[in-house]
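Commentary on secondary and tertiary structure
Chain residues, written in single-letter form:
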Amino acid sequence: MAEICCEEAKSAPASASAVTALARRRPRVELGVPGAATPAGNEEGGETRGGKRRRVSCAAPAGRSCQRPRLAARFGSMLWWPRYGVTSVCGLRREMEDAVSIRPDILRGGGGGGKQHFFGVFDGHGCCHVARMCQDRMHELIADEYTKAGGSGKEGASATAAEPKWKEVMERGFARMDDEAASWAATRSGKDDDLACRCVRQKPARCDHAGSTAVVAVVGPTSVVVASAGDSRAVLSRGGVAVPLSVDHKPDRPDELERIQAAGGRVIFWDGARVLGVLAMSRAIGDGYLKPFVTAEPEVTVTERTDEDECLILASDGLWDVVSNEMACEVVRACFRSNGPPPPAGARPDSGVLPAPAAAAAAAGREEERGAAAAVKGVDRAESDRACSEAALLLVKLALARRSSDNVSVVVVDLRRVS
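Summary of the structure given here. (Residues numbered from 1 in each chain as written. Predicted model: local features only at pLDDT ≥ 70, side-chain atom pairs only at ≥ 80, totals over all residues. Heavy atoms only, no water.)

Mapped onto the secondary structure, glutamate 310 falls in strand β13 (residues 309-315). With a relative accessible area of 17%, glutamate 310 lands in the buried category. Reaching out from glutamate 310, the side chain makes a polar contact with the backbone nitrogen of glycine 240 at a distance of 3.3 Å. (Helix = DSSP H or I, 4+ residues; strand = E, 2+ residues; numbered from the N terminus. Buried < 20%, exposed > 50% of the residue type's maximum accessible area, 1.4 Å probe, protein only. Polar contact = N/O pair within 3.5 Å; in protein donor to acceptor, adjacent residues only side chain to side chain.)

Below is the structure:
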């Protein structure tokens, strides 16, 4: 499927007229601010010397620049900026319970080793409120714990030296997120102002019967830190090889089964292995009624970046249930090849503006995409990279074509070295 969708991008138009026709069909997004000054010599129809139309650059209010700072040539630079794409759709489910959070520079320049960028995918179950809470708060809690740990980083520090600190930061951040979810569930009263949440409308209210998986990545110039609880997954493509950075927490995984039984719980096979015959994962945020058998403690990996790194894929199990790690990485690499090398240092990448919720729903074969507007938070869609956005969308289409029955959320991060 990747070859079919990407083949058109490889073939060049046969003539100048074809190029002109293609340019007319291609939508161009141009940003502007009402009342912004018009460039000199462009008042009448935007004509410049030579009769060519000048492309209008985005304008910003006084005192605020719409241009990113110039980036350095290597990803090891402290000014490295992420290139990413994201797609999240409801799929065949009645409700959207996935949530995605992308937060560039979560430490606000506080990391001495360079900017650290946060990417998170959260797959809710029972209700969407825990995933939405993780979407809004997880990056803040991790940044706060990093600061409390005295984390300022040292440029050139190895990933091995940073691993113990990041493990503690992630564990404390996940624990605080789990406590906030439990506190929220305990304070729901079922009043009219609470009825927006599906679990509150049940009689009796069962807010502690909801939870969410969490797979988050903090990507810096020299390392990739991944923390995971549940069956959402992170996969790194390195030198043409798919390298899983997280392992799904399934109740029948030998070490998880031993932990659950040691705590007094049972794993019952009812449409697959389930904790107490209910939950098909052994770790998650929330799910207070299944404690201590279901824990929020994440598994953390710290991977040092190399010149062979190509991309990082974060996705919910709606993708991984029907697409292998190797196939997902191959689809992304095919999209990268069709779009050419990454933009040069200092250049703004081509806009990978994502389809509107209605368009995404049409791609999924639905007339309406419920909750799509809130599925992704933290970034402007115009900031995404075209190649990564095409890869994320193609992976979602592939999952739907293979009859994935769950919500599907995919984040693709370009890790290629910029020359």
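We now examine helix α3 (residues 129-148). With 20 residues, α3 should reach 28 Å at 1.5 Å per residue; the first-to-last C-alpha distance of 28 Å fits that figure. When you tally the buried positions in α3, you get 14 out of 20 residues, the bulk of the element. Positive phi appears at glycine 150, one or two residues downstream of α3, with a value of about 75°. (Expected span 1.5 Å × (residues − 1).)

Moving on: unusual backbone geometry. That bond from lysine 291 to proline 292 is cis: its omega, 0°, falls within 30 degrees of zero. Within the secondary structure, proline 292 sits in the loop between β11 (285-286) and β12 (299-304). Phi is positive for leucine 276, close to 55°, though the residue is something other than glycine. Residue position: leucine 276 is located in the loop between β10 (273-275) and β11. One non-glycine residue, arginine 403, lies in the positive phi region at around 65°. In this structure, arginine 403 sits in the loop between α10 (386-401) and β15 (408-414).

The subject of this paragraph is the nonpolar core. Ranked by size, the top nonpolar core spans 32 residues in total, and within it Phe122, Met138, Trp166, Met170, Val216 and Ile285 carry the most contacts. For this core, the secondary-structure elements that each account for two or more residues are β3 (117-125), α3, α4 (159-187), β5 (214-219), β6 (223-229) and β12. Beyond its immediate sequence surroundings of up to four residues, isoleucine 285 is in contact with Val130, Cys134, Met138, Phe174, Met177, Asp178, Ala181, Gly211, Ser212, Ala214 and Ala296. In this structure, Ile313, Val323, Cys335 and Leu394 belong to the second largest nonpolar core, which totals 28 residues. (Core = buried A, V, L, I, M, F, W, Y, C linked by side-chain atoms within 4.5 Å. Contact = heavy atoms within 4.5 Å.)

Our focus in this paragraph is the pairing of strand β8 (residues 241-244). The pairing of strand β7 (residues 233-238) with β8 spans four bridges and is classified as antiparallel. Residue pairing in the sheet places leucine 236 in a bridge with valine 243 of β8. Taking the residues between adjacent antiparallel strands as the criterion, β7 and β8 are bridged by two residues, where glycine 239 takes a positive phi near 60°. (Pairing = 2+ DSSP bridges.)

With that settled, consider the packing of aromatic side chains. This structure, assessed with the given rule, holds two aromatic pairs. Between tyrosine 146 and tryptophan 166, the ring centres sit 4.9 Å apart and the planes meet at 35°, which makes this aromatic pair tilted. Of this pair, tyrosine 146 sits in helix α3 while tryptophan 166 sits in helix α4, and the two are 20 residues apart along the sequence. Overall, tryptophan 166 belongs to the buried group, its relative accessible area being 4%. Sitting over the ring of phenylalanine 336, arginine 416 keeps its end group 4.0 Å from the ring centre. (Phe/Tyr/Trp six-rings, centres within 6.5 Å; stacked < 30°, edge-to-face > 60°. Lys NZ or Arg CZ within 6 Å of the ring centre and 35° of its normal.)

What follows covers the state of the cysteines. The tally for this structure, following the rule as stated, stands at zero disulfides. Cysteine 311 carries a free sulfur, and the closest cysteine sulfur to it, the one in cysteine 329, is 5.1 Å from it. According to the relative accessible area criterion, cysteine 311 is buried, its value standing at 0%. Using a relative accessible area of 1% as the deciding quantity, one classes cysteine 329 as buried. (Disulfide = S-S within 2.5 Å.)

Turning to the pattern of salt bridges, a few remarks are in order. Counted by the stated rule, this structure contains 26 salt bridges. The partner of arginine 83 in a salt bridge is aspartate 414, and the shortest N-O contact between them spans 3.2 Å. Taken together, the residues arginine 83 in strand β1 (residues 83-89) and aspartate 414 in strand β15 connect sequence positions 331 residues apart. We note a salt bridge from arginine 238 to aspartate 309, for which the minimum N-O separation is 2.5 Å. Of this pair, arginine 238 sits in strand β7 while aspartate 309 sits in strand β13, placing them 71 residues apart in sequence. Here the salt bridges do not stand alone but share partners, grouping Asp144, Glu145, Lys148, Glu168, Arg172 and Arg176 into one network. (Salt bridge = Lys/Arg side-chain N within 4 Å of Asp/Glu carboxyl O.)

For α10, built from 16 residues, the straight-helix expectation of 22 Å at 1.5 Å per residue is met to within 8% by its first-to-last C-alpha distance of 22 Å. Considered for burial, the residues of α10 that qualify are Ala387, Cys388, Ser389, Ala391, Ala392, Leu394, Leu395, Val396, Leu398, Ala399 and Leu400. The N-capping residue of α10, defined by a side-chain oxygen 3.2 Å from the backbone nitrogen of alanine 387, is aspartate 385. Arginine 403 sits one or two positions beyond α10 and adopts a positive phi of about 65°.

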